[in-house]
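Architecture at a glance
Below are the chains, spelled out letter by letter.
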Amino acid sequence: MSWLFGYKSQVPPQGAGADGGGPEPPGPPPSAGAGAGQAAGDANLTKAERKAMEAYRFDSSALERAAEAARTLERSKHAREALELSKMQEGTRQQEYMAKVKEYEAHIEASKVEQKRVDHDERRKTLAEETKQQQQRAQYQDQLARKRYEEQLAQQQRVQEENLRKQEESVAKQEAMRRKTIEHEMELREKNKMKLLEAELRAKAKVDRENRDLTLEQIRLKAEENRITVMEGIKTAGAVLGQGATALLTDWNKVATTVGGLSLLALGIYTAKGATGVTARYVEARIGKPSLVNETSRFSLLEALKHPIDTVKRLKNKPTDALQGVVLQPKLEERLRDIAIATKNTKNNQGLYRNILMHGPPGTGKTMFAKRLAMHSGMDYAIMTGGDVGPMGRDAVTAIHKVFDWANTSRRGLLLFIDEADAFLRKRSSEQISEDMRSALNAFLYRTGEQNPRFMMVLASNTPEQFDYAINDRLDEMVEFTLPGPEERERLIRLYFDKFVLQPAAEGKKRFKVEQWDYSAVCSKMAKMCEGMSGREISKLGVSWQAACYASEEGVLTEQMVVDRCEAAARQHRQKMAWLSEQEKLDHKSITGGKGFLTQ
């Protein structure tokens, strides 16, 4: 309520009062007499002291005005409200001051928290830096220890090499000394032998010189006796032969007997020679096999003696499904199944067999299906190669006739499979073939002019367009074997993965284990990588997986090893395709087409 007294309130500095809570009450006003002295004293005060003194000075006129205003206020009806308002203003100022104090304390606390956070960050950075320094120090110490260990190993290796070199030098010196000793002993033995031989020769020469006359006399006597014996033998033989010839010529009965005996002897020799040839051909047709046939399931006494176990297994094998274990395109499977059923019924009903041509890229299962077809039908099979006919020259015609004669003697029926048939059945009009090959082709056409109830012919070729027209005329059925498609490749890879990897691992074979991974996903992935590959190449891929496992240090086949071998096989296939000439690419026009494929 300073406004009541007519002076401005001055906030003293902190701690100015007795208790530091507020200003001290003003003292009594100075007297008039003391004004001059006080003015003189004020001149000696400093600026701060004068400023502090002014806070306690007030004008008396202002006090009077304040008293007047107080009386007026007391008479006013709003005196109580003004007093309450003044109190409220003073309380508001106190609250504002306390709020500022709280804000200042909160700011101080926030500053302390921020300082702690900064200290924590600094300490964390320091710890991280110390950890990094310790790791670097540990790595450096590890490098030093490793380097020292390597130097120790190198030093040990040098010492071992030096010791080994010294041992080798010592062994070499000992060996050289032993060799010299042996050579010296052998030299001494040789010298002793030579001395003994010289002594024996001298003694023998001396004896020979002493007995020379006696030796010459013995030689002369032996020569005389030998000459007399030979002359007597010649005289006796001449007399006997002369008397025999005279008696033979003078007696015609003896002459006729001699002539008849010689004639009978010649006839016997000729007859024996012919009978031997006939017997040999019969034995070759019934018991043996022709030279052109490389493989056959037909029972042969010679083959049974050579391979008795295989012969017994063949005899025990029962007819099986021709398409068992086969992976191929559905349409091709249906067609081949019809051929197998028709062939089996033809054999059972003793009908006429049909001739088949199987063509397509190499490694697509033509030979395998021919064997399965023969076993399914209860027939024997024989496999020959067209490339074996050309080198035989003039003997090719005879060899072909022997093959068909041998086939006609089969009781069960024979499936004659001719692989690479285009090697000797080429076109006569456009191809340059020799007279021997032309004669062999004519002999083949002569023996296959009509269908036969004893054997059926199956030709296989990668380039069927090279066949002579007469050969095409003898074919009743043509089947194209093409490369496997995506689905067939995946089934093949799964089949060979089970055959070459999972089954050996399950059998517990030595040094063959397989890690655990998603086999199905890996097989699907590899099926995409093997695009354009034949079944033979995929089967070789299965063998390469086994080789990778055998070559590993621990004998464990991993997923990466399997995929790497598949990638290598795919690269090799692309390289082989790049090596093909333009003519070969035209000949193998079906390499990239179709989806049919066979496998075991």
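In this text, all values refer to a predicted model and were calculated from it rather than measured experimentally. Every chain is numbered independently, its residues counted from 1 as its sequence is written. Selection of residues for local features in this predicted model requires a pLDDT of at least 70, selection of side-chain atom pairs for listing and counting requires 80 or more, and totals for whole chains, interfaces and linings are taken over all residues. With hydrogens and water set aside, each side-chain value is computed from the structure's full complement of heavy atoms.

Structural notes on a negative patch on the surface
A surface patch of like charges, here negative, comprises Glu515, Asp518, Glu553, Glu554 and Glu559. Helix and strand definitions follow DSSP, with helices as H or I runs of at least four residues and strands as E runs of at least two, each counted in order from the N terminus. As for its placement among the helices and strands, glutamate 559 is situated in helix H17 (residues 559-579). Only protein chains enter the accessibility calculation, which uses a 1.4 Å probe; a residue is then buried when its area is under 20% of its type maximum, exposed when over 50%, and partly exposed in between. By relative accessible area, glutamate 559 is classed as partly exposed at 36%. Nonpolar side chains (Val, Leu, Ile, Met, Phe, Trp, Tyr) are joined into patches within 5 Å and like charges within 9 Å, using only residues with over 30% relative accessible area and no salt bridge. Per-residue and other accessible areas follow the Shrake-Rupley method at a 1.4 Å probe size, with only the shown protein chains counted as cover for residues. Salt bridge, as applied in this entry: a Lys or Arg side-chain nitrogen positioned within 4 Å of an Asp or Glu carboxyl oxygen. For the purpose of charge, His is not counted, nor are the chain termini; Lys and Arg are scored as positive and Asp and Glu as negative. By convention, the point assigned to a charge is CZ for Arg, NZ for Lys, CD for Glu and CG for Asp.

Here's the deal with the sheet that holds strand S5 (residues 455-461)
Pairing between two strands requires that DSSP report at least two bridges joining them. If you trace the 6 strands from one edge of the open sheet to the other, you get S1-S3-S4-S5-S2-S6, paired in mixed fashion. Of all the strands in the sheet, the pair left with one neighbour each is strand S1 (293-296) and strand S6 (477-480). Taking each pair of neighbouring strands and ignoring which way they run, the sheet shows an average axis angle of 20°. Note: S1 against strand S3 (residues 380-385), 3 bridges, orientation antiparallel. Across the sheet, valine 293 pairs through a bridge with methionine 384, a residue of S3. Only heavy atoms enter the contact rule, under which two residues are in contact if any of them lie within 4.5 Å. Note on definitions: angles span 0 to 180 degrees between N-to-C directions of axes, and those axes are lines fitted to C-alpha atoms, for helices only across the stretch in contact. Taken strand by strand, helix H9 (residues 330-348) contacts strand S2 (356-359), S5 and S6, and its axis lies near 145° from that of S6.

Let's talk about the pattern of salt bridges
A side chain with one charge may pair with a side chain of the opposite charge, provided their charged atoms come close. Following the criterion strictly, the structure yields 22 salt bridges and no others. Among the salt bridges present, the one from arginine 117 reaches aspartate 121, with a minimum N-O distance of 3.0 Å. With arginine 117 and aspartate 121 both in helix H4 (residues 79-210) and 4 residues apart, this pair spans about one turn of that helix. One salt bridge connects arginine 202 with glutamate 198, and the closest N-O pair in it is separated by 3.9 Å. Separated by 4 residues within a single helix, arginine 202 and glutamate 198 lie in helix H4, roughly one turn from each other. The class for glutamate 198 is partly exposed, based on a relative accessible area of 41%.

Section: unusual backbone geometry
In this structure, glutamine 350 takes a positive phi of about 55° despite not being glycine. Along the polypeptide, glutamine 350 turns up in the loop between H9 and S2. Phi is positive for glutamate 420, close to 50°, though the residue is something other than glycine. Tracing the chain through its elements places glutamate 420 in the loop between strand S4 (414-419) and helix H12 (435-447).

Quick word on helix H10 (residues 366-377)
Across its 12 residues, H10 extends 17 Å between first and last C-alpha, which sits within 8% of the 16 Å expected from 1.5 Å per residue. What H10 keeps buried is the set Lys366, Met368, Phe369, Ala370, Arg372, Leu373, Ala374, His376 and Ser377. Along its buried surface, H10 packs onto H9, S2, S3, S4 and S5. Positive backbone phi, approximately 75°, marks glycine 378, located one or two places after H10. Expected span of a helix: the number of residues minus one, times 1.5 Å.

So, the side chain of serine 552
Positionally, serine 552 belongs in the loop between helix H16 (535-551) and strand S8 (556-557). When its relative accessible area of 14% is taken as the criterion, serine 552 is described as buried. What qualifies as a polar contact is a pair of N or O atoms within 3.5 Å, subject to a donor-acceptor requirement within protein and to the restriction that residues adjacent in sequence count only when both atoms come from side chains. Engagement of the side chain of serine 552 in a polar contact is seen with the backbone oxygen of cysteine 549, the distance being 2.7 Å. Here glycine 555 takes part through its backbone nitrogen, which lies 3.0 Å from a polar atom of the side chain of serine 552. Aside from chain neighbours lying at most four places away, what touches serine 552 is Arg511 and Met561.

Some remarks on empty space enclosed by the protein
Computed over the protein atoms alone on a 1 Å grid, cavities are sets of points where a 1.4 Å probe fits but cannot get out and pockets are open sets with protein on both sides within 12 Å along at least five of seven lines; a residue lines them when it has an atom within 4 Å of a point. Grid points are joined across faces, edges and corners, and a volume is the space filled by probe spheres set on the points. On inspection of all chains with the given rule, the structure shows 3 cavities of 30 Å³ or more. Roughly 50 Å³ of volume is contained in the largest cavity. Every residue lining the largest cavity is listed: Tyr353, Asn355, Arg447, Thr448, Glu450, Gln451, Asn452, Phe455 and Met457. The nonpolar class holds Ala, Val, Leu, Ile, Met, Phe, Trp, Tyr, Cys and Pro. Asp, Glu, Lys and Arg form the charged class, and all remaining residues, Gly among them, are polar. A per-class count over the lining of the largest cavity returns 3 nonpolar, 4 polar and 2 charged.

Side note on the confidence of the model for the chain
As a per-residue measure, pLDDT tells how confident the predictor is, with possible values from 0 to 100. Put simply, the chain has an average pLDDT of 80, and 81% of its residues get 70 or more. Contacts of residues 1-36 to residues separated by more than four positions or lying in other chains number 28 contacts, the stretch itself having pLDDT below 50. Counting interchain partners and residues more than four positions distant, the pLDDT-below-50 stretch residues 590-600 has 58 contacts.

Re the environment of leucine 373
Along the chain, leucine 373 turns up in helix H10. For leucine 373, a relative accessible area of 1% translates into the label buried. Expressed as a C-alpha distance, the spacing of leucine 373 and alanine 340, which sit 33 residues apart in the sequence, is 6.0 Å.

What to know about the packing of H16 against H17
In contact at an axis separation of 10 Å, H16 and H17 are set at 140° when each is read in the N-to-C sense. In this view, H16 runs oblique relative to H17, as classed from their interaxial angle. Regarding H16 and H17, the two cross each other, and that crossing is right-handed. Contact residues: H16 offers Glu537, Leu541, Ser544, Trp545, Ala547, Ala548 and Cys549, while H17 offers Met561, Val562, Arg565, Cys566, Ala569, His573 and Lys576. Any angle from 65 to 115 degrees is called roughly perpendicular, while one under 35 is roughly parallel, one over 145 is roughly antiparallel, and all others are oblique. Helix crossings get a hand from a simple test, with the near helix turned counterclockwise from the far one by less than a right angle marking a left-handed crossing and a clockwise turn marking a right-handed one.

Describing helix H14 (residues 486-506)
When the terminal C-alpha atoms of H14 are compared, their 28 Å separation across 21 residues agrees well with the 30 Å that a helix rising 1.5 Å per residue should span. The term bend refers to the angle at a residue between two fitted axes, each drawn through seven residues, those ending there and those starting there. Of all the bends in H14, the greatest, near 40°, is centred on aspartate 498. Here H14 has its buried residues at Glu488, Arg489, Leu492, Ile493, Tyr496, Phe497, Phe500, Val501 and Pro504. Against strand S7 (513-514), helix H15 (519-529), H16, S8 and H17 lie the buried residues of H14. Just beyond H14, the residue with positive phi is glycine 508, at close to 75°.

Here's the deal with the packing of aromatic side chains
Here the aromatic set is Phe, Tyr and Trp, taking the six-membered ring for Trp, and pairing holds for ring centres within 6.5 Å; pairs whose planes are under 30 degrees apart are stacked, those over 60 apart are edge-to-face, and all others are tilted. Evaluation of the coordinates by the stated rule reveals 10 aromatic pairs. Here phenylalanine 497 and tryptophan 517 contribute two aromatic rings whose centre-to-centre distance is 6.4 Å and whose plane-to-plane angle is 70°, an arrangement assigned as edge-to-face. One end of the pair, phenylalanine 497, is in helix H14; the other, tryptophan 517, is in the loop between S7 and H15, and 20 residues separate them in sequence. Judged by its relative accessible area of 12%, tryptophan 517 is buried. Both rings, one in phenylalanine 497 and one in tryptophan 545, keep their centres 5.5 Å apart while their planes meet at 70°; by these two values the pair is edge-to-face. One end of the pair, phenylalanine 497, is in helix H14; the other, tryptophan 545, is in helix H16, with 48 residues separating them in the sequence. Under the relative-accessibility criterion, phenylalanine 497 is labelled buried at 3%. Overall, tryptophan 545 belongs to the buried group, its relative accessible area being 1%.

Observations concerning the nonpolar core
Residues grouped as a nonpolar core are buried Ala, Val, Leu, Ile, Met, Phe, Trp, Tyr and Cys residues, joined through side-chain atoms within 4.5 Å. In this structure, Val389, Ile418, Phe424, Leu425, Phe444, Leu459 and Ile471 are the most contacted members of the largest nonpolar core, which totals 31 residues. Contributions of two or more residues to this core are made by S3, helix H11 (395-408), S4, H12, S5 and helix H13 (469-473). Here this core gets 7 residues from one element, more than from any other, and that element is H11. Residue contacts for valine 389: discarding those within four places in its chain leaves Leu292, Met384, Ala396, Ile400, Phe424 and Ala440. Ranked by size, the runner-up nonpolar core spans 26 residues in total, among them Phe497, Phe500, Trp517 and Cys523.

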